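Listed below are the residues making up each chain.
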Protein chains: 2
Amino acid sequence: MRWTIAARPNARELVAEDFEIDRNPPLGTLQDDDLRVAVLMLSCDPAQKGWMENVAGYAEPTEIGQTMPALGVGRVIESRSAGFAPGDLVQGLLGWADEMIVRASAMRKVRDEPDAPRLALGLLGSSGLTAYFGLTRIGVPQAGDVLVVTGAAGGVGSIVGQLGKIAGCRVIGIAGGPDKCRWLTEELGFDHAIDYKAEKVKARVRELAPEGIDVLWDNVGGQMLDDLLARIARKARVVICGGIARYQQQGRPPGPGSYFNIVFKSARMEGFLLGDFAEDHDIGRDRLRRWLAEGRIVQRDEVVDGLENAPQTLMRLFRGLNRGKLLIRVAE
Amino acid sequence: MRWTIAARPNARELVAEDFEIDRNPPLGTLQDDDLRVAVLMLSCDPAQKGWMENVAGYAEPTEIGQTMPALGVGRVIESRSAGFAPGDLVQGLLGWADEMIVRASAMRKVRDEPDAPRLALGLLGSSGLTAYFGLTRIGVPQAGDVLVVTGAAGGVGSIVGQLGKIAGCRVIGIAGGPDKCRWLTEELGFDHAIDYKAEKVKARVRELAPEGIDVLWDNVGGQMLDDLLARIARKARVVICGGIARYQQQGRPPGPGSYFNIVFKSARMEGFLLGDFAEDHDIGRDRLRRWLAEGRIVQRDEVVDGLENAPQTLMRLFRGLNRGKLLIRVAE
């Protein structure tokens, strides 16, 4: 079984009809350096909509009719690569399918530990590494800094805030709804949470951080980013990680009108791709694993069972319904 | 004689009625540490409109009825400071007046060399230092980089492009009108100039630099910045220096909708104030002076005679009519 891309959701919300189920996909045969992988767990990421849209810059172009791509973890069931044996746990770009043939060179072995698939796709995977490298290398938090995180209850945001606490920051998370906000402060240790659906973000940030924002981690864009740019402190670092606002409305949302505040504040706004730090991914993973073992950081995620639920699950992400990393369990 | 601020030009163009002439200003008396200065030359800077508007972050608040502030060079005619003697040439925040009383501690001595007032307000003053520090410390140009400069025919832009050539960049200037464009390539050594009034900037940049922009120096903002952000190269540095588009239209122009391209390109967008580099200003001034002596850089400016022409002259700046640094000569 697999799901294919049936339509490109450019400039509109994702809908169920963008995917088509294929209950009898071709099995395919292995070439040299190929692996046959049983898919165990799949990650839901905002970038997936960009992949479907063929947005430049992120990834390989997609085709209508191909298996919907997704980062995932699987177990090797057949190998034509010297580096992998049946039974190995692997991670990489997989897709919405219960079984796939992939190039061995594009896969990474995953340590077979308890909860390996969840961790490999969350804290020790692209979410955790994005949070780690974006924050340490671009945000460069200093003890005492005010760190504001938008989309704070998401897979990346929920880790960024925890890393900010480890770095000695005062952490303010912005999320939608009282449940998510309580979750941020009570379960993840954020100092404050602002419910953007009920509170005036700009005024509340002014109250909570009258001295301004030193590090702004933005997953959202749109009006939220604009409001927060107006509240940055001198020499602020603005880490642009995501732009979920771009996915939630027709056409391209306006840019941040208050961008010019980076001049008044001698501030920096910077983007990055996780691949920029590929050489250091092991360093990041080691640190995250240590903090996890020490209980200084937790992975709170949401796991939805069953590949048949993949489209509905990904739509939850764009509707902002998930708390923490959103995962699809395909098989145990 | 002096000009006072008569009205604040917030959210509209500057008009002659924003200033009031005062032919018999009070002479005033000197306190300890004061200097009486005969004003010789005044600088026209976009920031002056911000000062009149009391835009946060730039400077001391202004009051209606006060002398219009301007950076300038003058000669000391009376001193109550041990550090200054009559005859000394000084530079600092002066104003639209033929004579002023200022705090000695806010003034800097200027070397009495040929053309000292022009150079002190241009290449060796805030324009040159802004270009030097913004480009070297924020833009960090590398030999072979493509440098694009907006507002290239202005006081700062015309220096940025020349500094880019010294650093081994391929330099593309954007300016309004064929005269300015010819001036950039023929007199200042820019590799290319794009006339934004006659050419499609985005398409022309794609032609001239298909590999993308490595360093973008922006004096303009608005649609121009948005178009150029769509053409940046991987790891591009975007130096936000000015936002003259903000001065030319009612209300706040929309922000750059393509700001998110800094994620796809792992790029950086950064602002600065000249004061951030205050400790190193002498280093910058020495380098600029050496390149000037070697003929590797020139100051092409426009000097308008007579304090009575100050309002009209400053309005020229906001209408984009000047080529190079715009100066007002008050006295020889």
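Residue numbers run consecutively from 1 along every chain, following the written order of its sequence. Following the order in which they are written, the chains are lettered starting with A and the ligands numbered starting with 1. Confidence filtering applies because this is a predicted model: local features only for residues at pLDDT of at least 70, side-chain atom pairs given and counted only at 80 or more, and all residues used for totals across whole chains, interfaces and linings.

Novice: Outline the interface of chain A and chain B, supporting the account with residue identities and numerical values.
Specialist: Here contacts are defined at the residue level, using C-beta atoms placed from the backbone and a cut-off of 7 Å between them. Taken together, the contact between chain A and chain B spans 28 residues of the former and 29 residues of the latter. In this text, helices come from DSSP runs of H or I with a minimum length of four residues, and strands from runs of E with a minimum of two, each type numbered from the N-terminal end. Of all the elements in the fold, those that place two or more residues in the side of chain A that touches chain B are helix H9 (261-264) and strand S13 (268-271) of chain A. The greatest single-element share of the side of chain A that touches chain B, amounting to four residues, is contributed by S13(A). Its residues assigned to classes, the side of chain A that touches chain B comprises 14 nonpolar, seven polar and seven charged. Criterion used throughout: strands pair if DSSP finds at least two bridges between them. Alignment of S13(A) against strand S13 (residues 268-271) of chain B, held across three bridges, turns out to be antiparallel. Its bridge partner being in S13(B), A:Met269 is matched across the sheet by B:Met269. Amino acid classes used here: Ala, Val, Leu, Ile, Met, Phe, Trp, Tyr, Cys and Pro are nonpolar; Asp, Glu, Lys and Arg are charged; the rest, including Gly, are polar.

Novice: Can you lay out the domain arrangement of chain A for me, pointing to particular residues and giving the numbers?
Specialist: All names here are of chain A. The source of the domain bounds is an automatic or database domain assignment. As far as domains go, chain A holds domain 1 (2-122 + 300-329) and domain 2 (126-274). Taking only C-alpha atoms, the centre of domain 1 and the centre of domain 2 are 28 Å apart. Across the contact, 13 residues belong to domain 1 and 17 residues belong to domain 2. Partitioning the side of domain 1 that touches domain 2 into residue classes produces five nonpolar, three polar and five charged.

Novice: Explain the packing of helix H3 (residues 126-139) of chain A against helix H4 (residues 157-166) of chain A to me, using residue names and the numbers behind them.
Specialist: All names here are of chain A. For every element, the axis is a line fit to its C-alpha atoms; helices are fit only across the contacting stretch, and the angle between N-to-C directions ranges from 0 to 180 degrees. One way to put it is that H3 packs onto H4 with a least axis distance of 9 Å and a crossing angle of 45 degrees. Relative to H4, the element H3 lies oblique. Considering only the axes of H3 and H4, their crossing is right-handed. Facing H3, whose interface residues are Ser127, Gly128, Ala131, Tyr132 and Leu135, H4 presents Ile159, Val160, Leu163 and Gly164. When its residues are assigned to classes, the contact of H3 with H4 shows six nonpolar, three polar and no charged. Any angle that is under 35 degrees is reported as roughly parallel, and any over 145 degrees as roughly antiparallel; angles of 65 to 115 degrees are reported as roughly perpendicular and all others as oblique. Note: crossing handedness is left-handed where the near helix turns anticlockwise from the far helix by less than a right angle, and right-handed where it turns clockwise.

Novice: I'd like to hear about the environment of A:Ile77, residue by residue, with values.
Specialist: Residue and element names in this part refer to chain A. As for its position among the elements, Ile77 is in strand S4 (residues 69-79). What makes Ile77 partly exposed here is the crowd of 13 C-beta atoms within 10 Å. With near-sequence residues (within four places) excluded, Ile77 lies in contact with Arg36, Val37, Ala38 and Pro86. In this scheme every C-beta is placed from the backbone, and a residue whose C-beta has 20 or more other C-beta atoms within 10 Å is buried, one with 12 or fewer is exposed, and one in between is partly exposed.

Novice: Which residues make up the relation of the copies chain A and chain B, and what are the values?
Specialist: Mapping chain A onto chain B is achieved by rotating through 180 degrees and translating by 0.0 Å along the same axis, at an RMSD of 0.0 Å. Those values place the two copies in the arrangement expected of a two-fold rotation axis. Relative to the rotation axis, the closest C-alpha in chain A is found at A:Gly255, a distance of 2.1 Å. Interface residue correspondence from chain A to chain B reaches 100%, placing this contact among same-surface, isologous pairings. For this overlay, a least-squares fit was computed on C-alpha atoms, restricted to residues scoring pLDDT of at least 70 in both copies.

Novice: Tell me about the packing of helix H3 (residues 126-139) of chain B against helix H9 (residues 281-293) of chain B, and name the residues and values.
Specialist: Residues and elements named next belong to chain B. Running from N to C, H3 and H9 cross one another at 100 degrees; their axes reach a closest spacing of 10 Å. Relative to H9, the element H3 lies roughly perpendicular. Every residue of H9 that contacts H3 at Gly128, Leu129, Tyr132 and Phe133 is listed here: His281, Gly284, Arg285, Arg287 and Leu288. Classifying every residue of the contact of H3 with H9 by side-chain character gives four nonpolar, three polar and two charged.

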